Amino acid sequence: MSTTPTSKEKVIKQAAIHRASKVAASTKEAQKVSSPSAFSQISKALIELQMIALQAQLTLLEELEQMSDEEKMETLFSIMDKDRDGSLTVVELADGLRKIRGDVNFEESLGLAMTRIAQFDKDGDAKLDLEEFKKLTDAICEALGANFHELSEMLIISVVFSDSGNDEVEEFIAAMAEEDVTESGCE
């Protein structure tokens, strides 16, 4: 028996397709071209991958239009929760903040994330669960003079489509430090 995917599942799938297409395209670009024929083949593959990424973006936007604010909140949380453990770590929140803001570096984003988690983490686990994340998002919206309904699609689009965020080296450094951050936050 097959079940129809929810809008949230469709958005998350399209976000994954978009990211995979971007990674594949950058991998193709890095390949050395040995002949004009190879150049043509790589160019065609790059264009096809760009078309897949654009189609994923369009599908994601269409799905967002049909979602409730609650579904959008859960979707934003799910997209940022990279390890799918039901909570946002300092590193996951920092990556999301960099994608949304775009004007902060790695160290600044970690500092912002630690401050936000310290402020909104009510159960002392040094992470944000969905309810704590909702309170953070509401505070951000209030500071911007808007409500989540007005900003939800922009936030999701920023997190999914932004080329900023943590790179592999920063993710590695952050993963090494994350255990210490979590332990000190729980004490």
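All figures in this text were calculated on a predicted structure; none of them were measured in a lab. (Residues numbered from 1 in each chain as written. Predicted model: local features only at pLDDT ≥ 70, side-chain atom pairs only at ≥ 80, totals over all residues. Heavy atoms only, no water.)

Proteins that are soluble and globular tend to have nonpolar side chains buried together. Counting 33 residues, the largest nonpolar core has L76, L93 and F133 as its most contacted members. Broken down by element, the residue count for this core peaks at 7 residues, all from helix α7 (residues 148–161). Not counting residues up to four positions away in its chain, the partners in contact with L76 are F133, F148, L155, I156 and V159. (Core = buried A, V, L, I, M, F, W, Y, C linked by side-chain atoms within 4.5 Å. Buried < 20%, exposed > 50% of the residue type's maximum accessible area, 1.4 Å probe, protein only. Helix = DSSP H or I, 4+ residues; strand = E, 2+ residues; numbered from the N terminus. Contact = heavy atoms within 4.5 Å.)

What follows concerns the packing of helix α3 (residues 69–80) against α7. Across the interface, α3 lies against α7 with an axial gap of 10 Å and an inter-helix angle of 25°. Our classification of the angle between α3 and α7 gives roughly parallel. Like other packed secondary-structure pairs, α3 and α7 cross with a definite hand, here left-handed. Residues D69, K72, M73, T75, L76, I79 and M80 of α3 form the contact with α7, whose own contacting residues are F148, H149, S152, E153, L155, I156, V159 and V160. A breakdown of the residues in the contact of α3 with α7 according to their chemical character gives 9 nonpolar, 3 polar and 3 charged. (Axes fitted to C-alpha atoms, helices over the stretch in contact; angles between N-to-C directions. Parallel < 35°, antiparallel > 145°, perpendicular 65-115°, else oblique. Left-handed = near helix turned anticlockwise from the far one by under 90°. Nonpolar A, V, L, I, M, F, W, Y, C, P; charged D, E, K, R; others polar.)

Let us look at the pattern of salt bridges. Across all of its chains, the model carries 9 salt bridges by this definition. Salt-bridge contacts for D95 lead to K82; the nearest nitrogen and oxygen are separated by 2.6 Å. Of this pair, D95 sits in helix α4 (residues 90–101) while K82 sits in the loop between α3 and α4; the two residues are 13 residues apart in sequence, bridging distant segments of the chain. On the basis of relative accessible area, K82 is assigned to the partly exposed category, the value being 42%. Linked by salt bridges that have partners in common, E70, E131 and K134 make up one network. (Salt bridge = Lys/Arg side-chain N within 4 Å of Asp/Glu carboxyl O.)

For the rest of this paragraph, the subject is the packing of α4 against α7. Contact geometry for α4 and α7: axes closest at 8 Å, N-to-C directions at 105°. Judged by the angle between their axes, α4 and α7 are roughly perpendicular. Every residue of α7 that contacts α4 at G96, K99 and I100 is listed here: L155, S158 and V159. Considering only residue class, the contact of α4 with α7 consists of 3 nonpolar, 2 polar and 1 charged.

Mean pLDDT over the protein chain stands at 82; residues scoring 70 or higher make up 80%. Mean pLDDT per element in the protein chain: helix α8 (residues 168–186) is the minimum at 60, and helix α6 (residues 130–143) is the maximum at 94. (pLDDT = per-residue confidence, 0-100.)

In this section: unusual backbone geometry. Backbone geometry at R84 places phi at a positive 55°, although glycine is not the residue there. Considering the arrangement of structural elements, one finds R84 in the loop between α3 and α4. Exposure remark for R84: the relative accessible area of 47% places this residue in the partly exposed category. Unlike most non-glycine residues, A126 shows phi in positive territory, near 65°. The residue A126 is located in the loop between α5 (106–120) and α6 in this model. A residue is classified by how much of its surface remains accessible, and A126, at 8% relative accessible area, is buried.

On to helix α2 (residues 36–65), then. With 30 residues, α2 extends 44 Å between its outermost C-alpha atoms, agreeing within 8% with the 44 Å of an ideal straight helix rising 1.5 Å per residue. Looking only at α2, the buried set comprises A38, I42, A45, L46, L49, A53, A56, T59, L60, E63 and L64. (Expected span 1.5 Å × (residues − 1).)

A few words now on the side chain of S158. By secondary structure assignment, the location of S158 is in helix α7. A polar side-chain atom of S158 sits 2.8 Å from the main-chain carbonyl oxygen of M154. With residues near it in sequence (within four places) discarded, S158 still touches K99 and I100. (Polar contact = N/O pair within 3.5 Å; in protein donor to acceptor, adjacent residues only side chain to side chain.)

A word on the environment of Q14. Here Q14 is to be found in helix α1 (residues 7–30). A residue is classified by how much of its surface remains accessible, and Q14, at 13% relative accessible area, is buried. Counting along the chain gives 38 residues from Q14 to I52, while the straight-line C-alpha distance between them is 9.8 Å. In this structure, Q14 is in contact with Q55, A56, T59 and L60, ignoring residues within four places of it in sequence.

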